[in-house]
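# Remarks on the overall topology
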Amino acid sequence: MQFLLKNFQDQFPDSISELEVGFMGGDMADPEYAEVKKGKTNHVEVAHGLLDTSKASFEDLVRFCHSIIDPTTHNQQGIDHGTQYATVIFVYTPEQAATVTTVIADVQALIDAGTITGYSTPNVATQIRLARPFYPAHEGHMRYFEKHPEDMGECSHRIFFKWSDINVAASG
């Protein structure tokens, strides 16, 4: 999550606040991480925060997220497997759903054209779901890599591509 915050904030300073990790979309209230980790609650691990839309748009955020994850995996991020690692964007409005749909189509077109590569499969698997109650993870899971830097090598987040490079290439 710190990767998300730092890299997005580099492009859009002070645009995200109150960012925390937790769970959304499951079948029970207030799940414990041990239950979510086993895939028994149907929750997805998420980053949840407030976006200041005077400093960055929802589309900016969705595009950024698609550039730092492998959006072609169904229930996986890096070495982590299970329904809790699904590639999902939870939306609050039909307008947000339309934005996500547009970005997914853009990413798929770039994959199809061979403009962006390095993904697990050739098809974007990002799901769009209606937002449900958010449950913060327990304190031990917050700022995990700051507390466990030895696990940083297992982190799958990296910058696959930069939209600014794509846009420059397309217009140049």
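Description of the structure in this document.

Reading the values: rules and limits
- Residues numbered from 1 in each chain as written.
- Predicted model: local features only at pLDDT ≥ 70, side-chain atom pairs only at ≥ 80, totals over all residues.
- Heavy atoms only, no water.
- Helix = DSSP H or I, 4+ residues; strand = E, 2+ residues; numbered from the N terminus.
- Expected span 1.5 Å × (residues − 1).
- Buried < 20%, exposed > 50% of the residue type's maximum accessible area, 1.4 Å probe, protein only.
- Arc of directions from axis to C-beta.
- Core = buried A, V, L, I, M, F, W, Y, C linked by side-chain atoms within 4.5 Å.
- Contact = heavy atoms within 4.5 Å.
- Salt bridge = Lys/Arg side-chain N within 4 Å of Asp/Glu carboxyl O.

## Observations regarding unusual backbone geometry
The backbone of D14 shows a phi angle near 60°, a positive value even though the residue is not glycine. Among the structural elements, D14 can be located in the loop between helix 1 (2–11) and strand 1 (16–24). Of note, the phi angle at D30 is positive, near 55°, even though the residue is not glycine.

## Regarding helix 4 (residues 94–112)
In this model, helix 4 (19 residues) spans 27 Å end to end at C-alpha, consistent with the 27 Å of a helix rising 1.5 Å per residue. Along helix 4, the positions that sit buried rather than exposed are Q96, A97, V100, V103, I104, V107, Q108, L110 and I111. Here the buried residues of helix 4 occupy an arc of 160° about the axis, which is enough to place them on one side. Exposed positions of helix 4 whose direction lies more than 90 degrees from the buried face are P94, E95 and D112. Looking one or two residues past helix 4, G114 carries a phi angle of roughly 80°, positive in sign.

## Focus on the nonpolar core
The biggest cluster of nonpolar side chains holds 18 residues, and the ones touching the most others in it are V100, V107, I116 and F161. Counting residues per element, the ones that place at least two in this core are helix 3 (58–68), strand 5 (88–91), helix 4 and helix 6 (163–171). At seven residues, helix 4 tops the list of elements feeding residues into this core. When residues no more than four places from it in sequence are discounted, the contact partners of V107 are H66, P71, I116, V124 and W163. Counting residues in each nonpolar core, the second largest holds nine residues, with I16, A56, L61 and I69 among its members.

## A short note on the pattern of salt bridges
Per the stated rule, a full pass over the model turns up two salt bridges. One salt bridge connects R63 with E59, and the closest N-O pair in it is separated by 2.8 Å. Residue R63 and its partner E59 are located together in helix 3, separated by four residues, close to a single helical turn. R63 is paired through a salt bridge with D106; the nearest N and O atoms lie 2.4 Å apart. Here D106 lies in helix 4 and R63 lies in helix 3, a separation of 43 residues in the sequence. By relative accessible area, which is 28% here, D106 ends up partly exposed. Beyond isolated ion pairs, a larger network of salt bridges with shared partners links E59, R63 and D106.

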